Amino acid sequence: ENRLPPRAEEATRTNFIVNQRFNRMANVASSSDGAKAISATSSDSRFPVSNVIDGDSKTCWVTTGLYPQEFIIAFPESVSIARIRTQTRNVRNITVEYCDQRQPTSFETLYGPVEIKDEGTGLQIESQQCKQTSCRFLKVKILSGWSDFAVVYSFEAEGGM
């Protein structure tokens, strides 16, 4: 029988209760749940794109200049998305697209472009409710920035499997 250890089972149950209590859906764009960052327009081995979905707020993906910049998140199976949350720095305009095909070849706009204000504090926290949509891939496009380089600390997609 495949069972979680007692502490893991308790943590899973607690997370479910907390999410239900605050009516918050699960983050389906988490590497711990099988999501993968499969491509990006910028690459730096110190700041890989996989950092945006690793759940660690101390890691990030850094663009290497020039816009637009983009990355693609793949899900192990089709998921339903209702809200996107990002933590970024120096991002000015962003759009998110989705694809529900077996290969990420044709994308449609989920939302955007949206301008993210530069409040002078550095960290930009953005949350966008969207029409509940099924997808296997999400493409995040940073269309412009407040600086030559942009940083993405985290990317979350609230929804369900």
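Calculation notes
Residues numbered from 1 in each chain as written. Predicted model: local features only at pLDDT ≥ 70, side-chain atom pairs only at ≥ 80, totals over all residues. Heavy atoms only, no water. Phe/Tyr/Trp six-rings, centres within 6.5 Å; stacked < 30°, edge-to-face > 60°. Helix = DSSP H or I, 4+ residues; strand = E, 2+ residues; numbered from the N terminus. Buried < 20%, exposed > 50% of the residue type's maximum accessible area, 1.4 Å probe, protein only. Lys NZ or Arg CZ within 6 Å of the ring centre and 35° of its normal. Contact = heavy atoms within 4.5 Å.

Topic: the packing of aromatic side chains
Here is step 1 of the chain: Under the criterion given, the structure shown has 2 aromatic pairs.
Here is step 2 of the chain: Each ring, one from W61 and one from F71, has its centre 5.3 Å from the other, and the planes form 75 degrees; the classification is edge-to-face. Taken together, the residues span a long stretch of sequence, with W61 in strand 3 (residues 61-62) and F71 in strand 4 (residues 69-89) at a distance of 10 residues. The exposure classification of W61 matches that of F71, with both residues buried.
Here is step 3 of the chain: On the basis of an interplanar angle of 90 degrees and a centroid distance of 5.9 Å, the ring pair of F71 and F155 is categorised as edge-to-face. Taken together, the residues F71 in strand 4 and F155 in strand 8 (residues 151-160) connect sequence positions 84 residues apart. The same class applies to F71 as to F155, namely buried.
Here is step 4 of the chain: An aromatic cluster is present here, built from W61, F71 and F155 joined pairwise through their rings.
Here is step 5 of the chain: Above the ring of W146, the side-chain terminus of R92 is found at 4.0 Å from the ring centroid.

Points about unusual backbone geometry
Here is step 1 of the chain: Cis geometry is adopted by the peptide bond preceding P68, which originates at Y67 and carries an omega value of 5 degrees.
Here is step 2 of the chain: Secondary-structure assignment places P68 in the loop between strand 3 and strand 4.
Here is step 3 of the chain: A cis amide bond links G112 with the next residue in sequence, P113, at an omega value of 0 degrees.
Here is step 4 of the chain: In this structure, P113 sits in strand 6 (residues 108-115).
Here is step 5 of the chain: The backbone of N90 sits at a positive phi, close to 65 degrees, despite the residue not being glycine.
Here is step 6 of the chain: Tracing the sequence through the fold places N90 in the loop between strand 4 and strand 5 (91-99).
Here is step 7 of the chain: For N90, a relative accessible area of 22% corresponds to the partly exposed category.

A few points about the environment of E115
Here is step 1 of the chain: Structurally, E115 is set in strand 6.
Here is step 2 of the chain: On a C-alpha basis, the gap between E115 and I94 in space is 6.6 Å, while along the polypeptide they are 21 residues apart.
Here is step 3 of the chain: With residues up to four places along the chain from it excluded, the contact list for E115 reads R92, N93 and W146.

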